[in-house]
Number of protein chains: 2
Amino acid sequence: MTSKKLKAADHPTPVSRRQHKADAKAAAHSPTKPRPLTRIQKEKQDIILEAALEVFSVHGFRGATIDQIAEVAGMSKPNLLYYFPKKEEIHRRLIAALLDTWLAPLREMDENGDPFSEIRSYIRRKLEMARDFPRESRLFANEMLQGAPRISEMIEVDLKGLVDEKARLLMGWMDEGKIARTDPYHLIFSIWATTQHYADFDVQVRAVLGPGRNGEGRFEDAARTLEQLYLHGLTPRNR
Amino acid sequence: MTSKKLKAADHPTPVSRRQHKADAKAAAHSPTKPRPLTRIQKEKQDIILEAALEVFSVHGFRGATIDQIAEVAGMSKPNLLYYFPKKEEIHRRLIAALLDTWLAPLREMDENGDPFSEIRSYIRRKLEMARDFPRESRLFANEMLQGAPRISEMIEVDLKGLVDEKARLLMGWMDEGKIARTDPYHLIFSIWATTQHYADFDVQVRAVLGPGRNGEGRFEDAARTLEQLYLHGLTPRNR
DNA sequence: AGAAATTTTGACCAGTTGGAAAAATGTTAG
DNA sequence: CTAACATTTTTCCAACTGGTCAAAATTTCT
């Protein structure tokens, strides 16, 4: 999943160049090459980001160390710092890339589809993401727990905007009597919560379910339970 | 190391005394006072634990520093270490105290009550805990995200035991046709997830709801939404 | 009050952390 | 082959980390 060809970069332009504060004004309008990024550099960056995801998602930003990330990435710390001069930068990159894919399932909720199957599909997709990208989920959770200091802007704009839009969509369905009337925002929260739970609280889920019920069927059981929940709640069918 | 001569220190009973491994056997049957804990000591410990909760809940174990905790507690680092010689010990105390109160709501679910009102009460109580003790919730979440390295035993025994018991209770209600049939474990997970979400992802919830809908009514809206969800799901009433 | 115990402080330490500098080692185009 | 650039390694550092210790300040007990 890391292989990308991309167009051939004409010139290297490392990533480190200490242009930290020296060229603050120079960068403002200098027409110099905006660092094209060679294929090799992209690869290494991907390796680093992959390792960083592994570490950040478990320990959070403060708790993770560059040494740890470097070790997981299989390179020396200074070498890693050559590609990402700042710890923060690695984290920012991860979060930015994450948020985009993270919201994709919600974006796909289609106003022209059948309400129930749209919602069911959304839950499915979110559940699949929790299963297939648990580290991303935990990275996100970690950031939230800390008060989202590094991404407050993103969630206040991109995320809020998308949720507002989909909340309107849900409201429309409610107005048409196609789904029960509830607060669409809290409905979305509940979907987020129930699905991401399986990634973020994985240890707990495993521990409680015990060794017997922990195979691949775990997610199927979860999907069924959530489907029943969102479809009928706990009301028995025969009443 | 840790040479302990001490002049006339027969039984000062501070809290620090490095009795880590030195008096393993001595403590076994020595009739000396088993650290009575003066009122003042208890007070200071509480201040420290309160401060530690504040810091640990945001940054996790690794990300939190003793200096930070000491500052929040309003005392010097060595002074803090006089009461809790180890960082880990503070954390362990917090977690131990937490887990007990955290599971209380589930314990209260009564098999003799009406299924629906029992479940509704449980959700209410959990939601109230998320509202009134968000730091505890985040501390717990942080520990889970990290794989629960420090409390695996507790969740594998106490927590699993309790959930097993309540799952049986729920199954009983299902057998009697009083509530719809679903996987009781995943049902409990969903309740945990939806309620704790409001503590753990507080920033996100606030950001999405915007300034208008963020007052005290927030939790009321959540409660109503969850009640609707667990009672009827999204099925419209008129069908 | 005065002795004894408890609590607090300041100085200090060894190990870790994020990061800088520069030298050493590739790699590649001419 | 070699200049010019890209990458990696070595060395180093100042700030921070969890923690120690003895002395000083304070409280407690008689």
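All figures in this text were calculated on a predicted structure; none of them were measured in a lab. (Residues numbered from 1 in each chain as written. Chains lettered and ligands numbered in written order. Predicted model: local features only at pLDDT ≥ 70, side-chain atom pairs only at ≥ 80, totals over all residues. Heavy atoms only, no water.)

Undergrad: Help me out: how do you make sense of the packing of helix H2 (residues 39-63) of chain A against helix H5 (residues 87-107) of chain A in this one?
TA: Helices that pack against each other are described as a pair by the angle of their axes relative to one another and the distance between those axes. Residues and elements named next belong to chain A. For the pair H2 and H5, interaxial distance at closest approach is 9 Å and the crossing angle is 95°. The angle between H2 and H5 places the two elements in the roughly perpendicular class. Here Gln45, Ile48, Leu49, Ala52, Leu53, Phe56, Phe61 and Arg62 of H2 lie close against H5, whose contacting residues are Lys87, Glu88, Ile90, His91, Arg93 and Leu94. Among the residues making up the contact of H2 with H5, the classes are represented as 8 nonpolar, 2 polar and 4 charged. (Axes fitted to C-alpha atoms, helices over the stretch in contact; angles between N-to-C directions. Helix = DSSP H or I, 4+ residues; strand = E, 2+ residues; numbered from the N terminus. Parallel < 35°, antiparallel > 145°, perpendicular 65-115°, else oblique. Contact = heavy atoms within 4.5 Å. Nonpolar A, V, L, I, M, F, W, Y, C, P; charged D, E, K, R; others polar.)

Undergrad: Just to check I follow, could you spell out the relation of the copies chain A and chain B for this structure?
TA: A rotation about an axis combined with a shift along that same axis relates the two copies of the chain. Of the two same-sequence chains, chain A is brought onto chain B (RMSD 0.1 Å, axial shift 0.0 Å) by a rotation of 180°. On this basis, the relationship between the two copies can be described by a two-fold rotation axis. Comparing contact sets, 100% of the residues at the interface of chain A also lie at the interface in chain B, consistent with an isologous, same-surface contact. (Least-squares fit on C-alpha atoms with pLDDT ≥ 70 in both.)

Undergrad: What am I meant to see in the UniProt feature "DNA-binding region" (unreviewed entry) in chain A here?
TA: According to UniProt, the feature "DNA-binding region" (unreviewed entry) maps to residues 65-84 of chain A in the numbering used here. Taken as a whole, residues 65-84 of chain A contains 75% helix and 0% strand, while its terminal C-alpha atoms sit 13 Å from one another. (UniProt positions renumbered as here; feature names shortened; annotations may be inferred.)

Undergrad: In this structure, what is going on with the interface of chain A and chain B? I would like to understand it.
TA: Accessible area lost on assembly of the parts is the figure often given for the size of an interface. Across the boundary between the two partners, chain A contributes 66 residues, which contact 66 residues of chain B. For the pairing of chain A and chain B, the buried interface totals around 5700 Å² over both sides, and the portion due to carbon and sulfur atoms is 69%. Connecting chain A to chain B are 2 salt bridges. The closest approach of N and O atoms between Asp183 of chain A and Arg213 of chain B, which form a salt bridge, is 2.4 Å. Connecting chain A to chain B are 10 residue pairs in polar contact (both at pLDDT 80 or more). (Buried area = accessible area lost by both parts, 1.4 Å probe. Salt bridge = Lys/Arg side-chain N within 4 Å of Asp/Glu carboxyl O. Polar contact = N/O pair within 3.5 Å; in protein donor to acceptor, adjacent residues only side chain to side chain.)

Undergrad: Sorry, what's going on with helix H6 (residues 115-132) of chain A here?
TA: All names here are of chain A. With 18 residues, H6 extends 25 Å from end C-alpha to end C-alpha; this agrees with the ideal 26 Å at 1.5 Å per step. Along H6, the residues classified as buried are Pro115, Phe116, Glu118, Ile119, Tyr122, Ile123, Lys126, Leu127, Met129 and Ala130. Buried positions along H6 lie against H5, helix H7 (134-145), helix H8 (152-175), helix H9 (184-200) and helix H11 (217-232). (Expected span 1.5 Å × (residues − 1). Buried < 20%, exposed > 50% of the residue type's maximum accessible area, 1.4 Å probe, protein only.)

Undergrad: What am I meant to see in the packing of aromatic side chains here?
TA: Inspection of the entire model under this criterion finds 12 aromatic pairs over all chains. Their ring planes at 75° and their centres at 5.0 Å tell us that Tyr82 of chain A and Tyr83 of chain A sit as a pair that is edge-to-face. According to the relative accessible area criterion, Tyr82 of chain A is partly exposed, its value standing at 34%. Taken together, Phe189 and Trp192 of chain A together with Tyr198 and Phe219 of chain B form an aromatic cluster joined through their ring pairs. In this structure, Lys87 of chain A packs its charged tip against the face of Phe61 of chain A, placed 4.6 Å from the ring centre. (Phe/Tyr/Trp six-rings, centres within 6.5 Å; stacked < 30°, edge-to-face > 60°. Lys NZ or Arg CZ within 6 Å of the ring centre and 35° of its normal.)

Undergrad: Sorry, what's going on with the pattern of salt bridges here?
TA: Side-chain pairing between opposite charges can occur once the charged atoms of the two side chains come close. Tallying each qualifying case throughout the model produces 44 salt bridges over all chains. Notably, a salt bridge pairs Asp175 of chain A with Arg181 of chain A, separated by 2.9 Å at the nearest N-O pair. Across the pair, exposure class does not vary: Asp175 of chain A and Arg181 of chain A are exposed alike. Across the pair Asp221 of chain B and Arg213 of chain B runs a salt bridge whose closest N-O atoms are separated by 3.6 Å.

Undergrad: Can you help me understand empty space enclosed by the protein in this one?
TA: Over the atoms, a rolling probe the size of a water molecule traces out where space has been left empty. In this structure the tally under the stated criterion is 9 cavities of 30 Å³ or more. The calculated volume of the largest cavity comes to roughly 110 Å³. In terms of lining, the largest cavity is formed by Trp192, Ala193, Gln196, His197, Asp200 and Phe201 of chain A together with Trp192, Ala193, Gln196, His197, Asp200 and Phe201 of chain B. Grouping the constituent residues of the lining of the largest cavity by class yields 6 nonpolar, 4 polar and 2 charged. (1 Å grid on protein atoms, 1.4 Å probe; cavity = no way out; pocket = protein on both sides within 12 Å on 5 of 7 lines; lining within 4 Å. Points joined across faces, edges and corners; volume = space filled by probe spheres on them.)

Undergrad: I would appreciate a short explanation of H7 of chain A in the present structure.
TA: Note: α-helices contain 3.6 residues per turn, so residues at a spacing of three or four share the same orientation. Residue and element names in this part refer to chain A. The end-to-end C-alpha distance of H7, which contains 12 residues, comes to 16 Å, matching closely the 16 Å that a straight helix rising 1.5 Å per residue would cover. Of all 12 residues in H7, 10 are buried; the element is thus mostly enclosed. Those residues of H7 not exposed but buried are Glu136, Ser137, Arg138, Leu139, Phe140, Ala141, Asn142, Glu143, Met144 and Leu145. A positive backbone phi angle near 90° is found at Gly147, which sits one or two residues after H7.

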